[in-house]
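Residue strings, one per chain:
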Amino acid sequence: MPLHLVTPFDRTDPSEDEQPVSPPVRTLRSRVADGCYILLRGCLFLGSSYLMALGLPLLFFLLLSGGNPDAFFAHVANLGDRFLAADLARRVSFLGQCKFVLIGLATLVVVWRMPRFIRDLDRELSGEKL
């Protein structure tokens, strides 16, 4: 009978089947880290959405001019000249309408992009890989 001595250093780790599976412990630090990540991603999402909304009037004028830079700047100059020539009440009214339209456009862009943002955020926080 062979003498076989097994020390703790000779033992191998148990296989994955033998190891007990326990859910990961959610500590306060991991919750705060997730909250910070959500906050940063949310700020980036809103910032990019508002930049998209601000680019839509530019796209409108580019489509209106047919992609011609001369016609584009002629439309913008016409709008600027008429704005400067208007009296104060009409300027205030026009700026109010511009605010309303831009806030509406920004809201539409955010609503359009929100499902994908939530799906991506859920996937990233759950630890799934692409």
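Residues numbered from 1 in each chain as written. Predicted model: local features only at pLDDT ≥ 70, side-chain atom pairs only at ≥ 80, totals over all residues. Heavy atoms only, no water.

- An unreviewed UniProt entry annotates the protein chain as Conjugative transfer protein originating from Novosphingobium sediminis.

As for the packing of helix α1 (residues 28–65) against helix α3 (residues 88–126)
Here comes step 1: One can describe the packing of α1 onto α3 by two numbers: an axis separation of 9 Å at closest approach and a directional angle of 145°. Crossing handedness for the pair α1 and α3: right-handed. (Axes fitted to C-alpha atoms, helices over the stretch in contact; angles between N-to-C directions. Helix = DSSP H or I, 4+ residues; strand = E, 2+ residues; numbered from the N terminus. Left-handed = near helix turned anticlockwise from the far one by under 90°.)

A word on α1
Here comes step 1: Taking 1.5 Å of rise per residue, 38 residues should cover 56 Å, and α1 covers 56 Å from first to last C-alpha, within 8% of that figure.
Here comes step 2: Taken as a whole, α1 carries its principal kink of about 25° at Leu56; the proline Pro57 stands between one and four residues after it.
Here comes step 3: Taken together, the buried positions of α1 are Gly42, Phe45, Ser49, Ala53, Phe61 and Ser65.
Here comes step 4: In this fold, the buried residues of α1 make contact with α2 (69–85) and α3.
Here comes step 5: Gly66 sits one or two positions beyond α1 and adopts a positive phi of about 75°. (Expected span 1.5 Å × (residues − 1). Bend = angle between axes of the 7 residues up to and from the residue. Buried < 20%, exposed > 50% of the residue type's maximum accessible area, 1.4 Å probe, protein only. Contact = heavy atoms within 4.5 Å.)

What to know about the packing of aromatic side chains
Here comes step 1: For the structure on display, the rule yields 4 aromatic pairs.
Here comes step 2: Ring geometry for Phe45 versus Phe117: centroids 4.4 Å apart, planes at 20°, classification stacked. Here Phe117 lies in helix α3 and Phe45 lies in helix α1, a separation of 72 residues in the sequence. When sorted by exposure, Phe45 lands in the same class as Phe117, which is buried.
Here comes step 3: Geometrically, the ring pair formed by Phe83 and Phe94 is tilted, given 5.9 Å between the ring centres and 55° between the ring planes. (Phe/Tyr/Trp six-rings, centres within 6.5 Å; stacked < 30°, edge-to-face > 60°.)

A short note on the pattern of salt bridges
When charged atoms on two side chains of opposite charge get close, those side chains can pair.
Here comes step 1: A complete count under the given rule lists 3 salt bridges for this structure.
Here comes step 2: Across the salt bridge formed by Arg123 and Asp120, the nearest N and O atoms sit 3.4 Å from each other. Of the two residues, Arg123 and Asp120 both sit in helix α3, 3 residues apart, roughly one turn of that helix.
Here comes step 3: Exposure remark for Arg123: the relative accessible area of 23% places this residue in the partly exposed category.
Here comes step 4: In the salt-bridge network here, residues are joined through shared partners; they are Arg116, Asp120 and Arg123. (Salt bridge = Lys/Arg side-chain N within 4 Å of Asp/Glu carboxyl O.)

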